[in-house]
Amino acid sequence: MPASLMVLPADVCGIDEAGRGPLAGPVVAAAVILDPDDPIAGLDDSKKLTEKRRHLLAEAIRARALAWCVAEASPAEIDRLNILQATFLAMQRAVAGLSLRPARAVVDGNRCPRLEIPVEAVVRGDGRVAAVAAASILAKTVRDARMQELHRQYPQYGFDRHMGYPTPAHLAALQAHGPCPVHRRSFAPVAQLNLL
């Protein structure tokens with residue numbers, strides 16, 4: 001673990017999400033309470049880790065964290081609420097699903113979901129706070145696995161390669177095939193196709 005990563009007390013959870021920017025699939029959030037007496041080496045912002053390293057760390061987090069939960073908000077909820085509120089909903093679900101009730105929470109970013117406990121936002125928290133880094137790893141690995149599942153359902157979009165992000169290949173597939181049920185119809189590139 002980088003020396004700069006802050007270790008939270010055993011009654012504080014870290015929260016992060018994956019999948020705010022894609023045009024398809026759910027937004028996924030994770031909440032993690034780490035054991036300060038059993039630090040997990042190598043935790044970092046999930047985007048800075050290789051896929052293999054993320055999977056190894058995700059296994060360690062599941063095995064050694066005091067509590068963890070991953071939850072999501074669906075494309076339909078994203079369209080109904082907007083992406084920020086749907087992200088907060090996924091975060092609320094993740095915290096509510098923890099097997100231990102935390103006294104407070106630390107969330108990556110500059111905005112906080114409404115929780116029944118005090119919550120603090122930390123910009124770039126996934127690279128600064130161990131429990132937030134752990135949450136970012138769980139959220140990313142679960143969302144990537146979910147997009148692999150969706151690729152098997154809708155192979156024409158290439159979700160296994162771009163994970164739903166608006167790459168040129170994804171935009172070309174959208175143009176050729178139109179949106180599928182897991183596309184976020186409120187996002188501009190998808191909404192514009194619906195108007196054609």
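Residues numbered from 1 in each chain as written. Predicted model: local features only at pLDDT ≥ 70, side-chain atom pairs only at ≥ 80, totals over all residues. Heavy atoms only, no water.

(A) Examining the state of the cysteines more closely. Taken as a whole, this structure holds zero disulfides when the rule is applied. Here Cys13 stays unpaired: no disulfide links it, and the sulfur of Cys69, its closest cysteine neighbor, is 10 Å away. Cys112 forms no disulfide, and the closest cysteine sulfur to it belongs to Cys13, at a distance of 11 Å. For Cys112, a relative accessible area of 32% translates into the label partly exposed. (Disulfide = S-S within 2.5 Å. Buried < 20%, exposed > 50% of the residue type's maximum accessible area, 1.4 Å probe, protein only.)

(B) Seen up close, the sheet that holds strand 2 (residues 27–33). Spatial ordering of the open sheet is given by 3-2-1-4-5, a layout of five strands whose pairing is mixed. In this open sheet, the two edge strands, each paired with only one partner strand, are strand 3 (67–73) and strand 5 (119–122). Each strand axis lies, on average, 20 degrees off the axis of its neighbour in the sheet, ignoring direction. In this structure, strand 1 (residues 12–18) lies alongside strand 4 (residues 104–108), joined through four bridges in parallel fashion. Bridged to Val12 within strand 4 is Arg104. (Pairing = 2+ DSSP bridges. Helix = DSSP H or I, 4+ residues; strand = E, 2+ residues; numbered from the N terminus. Axes fitted to C-alpha atoms, helices over the stretch in contact; angles between N-to-C directions.)

(C) How the structure looks around the side chain of Asp144. In this structure, Asp144 sits in helix 4 (residues 130–153). Residue Asp144 is classed as buried on the basis of its relative accessible area of 13%. For Asp144, the residues in contact, after removing those within four places along its chain, are Arg54 and Met163. (Contact = heavy atoms within 4.5 Å.)

(D) Spatial organisation of the pattern of salt bridges. In this structure the tally under the stated criterion is 11 salt bridges. A salt bridge links Asp144 to Lys140; its shortest N-O distance comes to 3.2 Å. Linking Asp144 with Lys140, this pair stays in helix 4, spanning four residues, or about one helical turn. Where Asp160 meets Arg161, a salt bridge forms, and the shortest distance between an N and an O atom there is 3.6 Å. It is possible to trace a salt-bridge network through shared partners that takes in Asp45, Lys47 and Asp126. (Salt bridge = Lys/Arg side-chain N within 4 Å of Asp/Glu carboxyl O.)

(E) Representation of the environment of Ala176. Within the secondary structure layout, Ala176 lies in helix 6 (residues 168–177). The class for Ala176 is exposed, based on a relative accessible area of 60%. C-alpha of Ala176 to C-alpha of Tyr157: the two residues are 19 residues apart in sequence and 9.5 Å apart in space.

(F) Looking closely at the side chain of Arg143. Looking at where Arg143 falls in the secondary structure, it is placed in helix 4. For Arg143, which is buried and forms no salt bridge, the nearest opposite charge comes from Asp144, at a distance of 5.2 Å. There is a polar contact of 2.7 Å between the side chain of Arg143 and the backbone oxygen of Ala24. At a separation of 2.9 Å, a polar atom in the side chain of Arg143 contacts the main-chain carbonyl oxygen of Met163. Apart from the residues within four sequence positions on either side, Arg143 is in contact with Ala18, Gly19, Pro22, Ala24, Gly25, Pro26, Val28, Met163 and Arg184. (Lys, Arg positive; Asp, Glu negative; His and termini not counted. Polar contact = N/O pair within 3.5 Å; in protein donor to acceptor, adjacent residues only side chain to side chain.)

(G) Geometry of the environment of Gly109. On the secondary structure map, Gly109 appears in the loop between strand 4 and strand 5. Between the alpha carbons of Gly109 and Gly42 there is a distance of 21 Å; along the sequence they are 67 residues apart. Not counting residues up to four positions away in its chain, the partners in contact with Gly109 are Ala121, Val122 and Val123.

(H) Quick peek at the packing of aromatic side chains. For the structure on display, the rule yields one aromatic pair. Over the ring of Trp68 we find Arg62, and its NZ or CZ is 5.1 Å from the ring centre. (Phe/Tyr/Trp six-rings, centres within 6.5 Å; stacked < 30°, edge-to-face > 60°. Lys NZ or Arg CZ within 6 Å of the ring centre and 35° of its normal.)

(I) Fine view of helix 3 (residues 83–96). With 14 residues, helix 3 extends 20 Å between its outermost C-alpha atoms, agreeing within 8% with the 20 Å of an ideal straight helix rising 1.5 Å per residue. Taking burial as the measure, the 14 residues of helix 3 include 10 buried ones, the bulk of the element. On its buried face, helix 3 is in contact with strand 1, strand 2, strand 3, helix 2 (75–81) and strand 4. One side-chain oxygen at the N-terminal end of helix 3 lies 3.0 Å from the backbone nitrogen of Leu84; it belongs to Asn82. (Expected span 1.5 Å × (residues − 1).)

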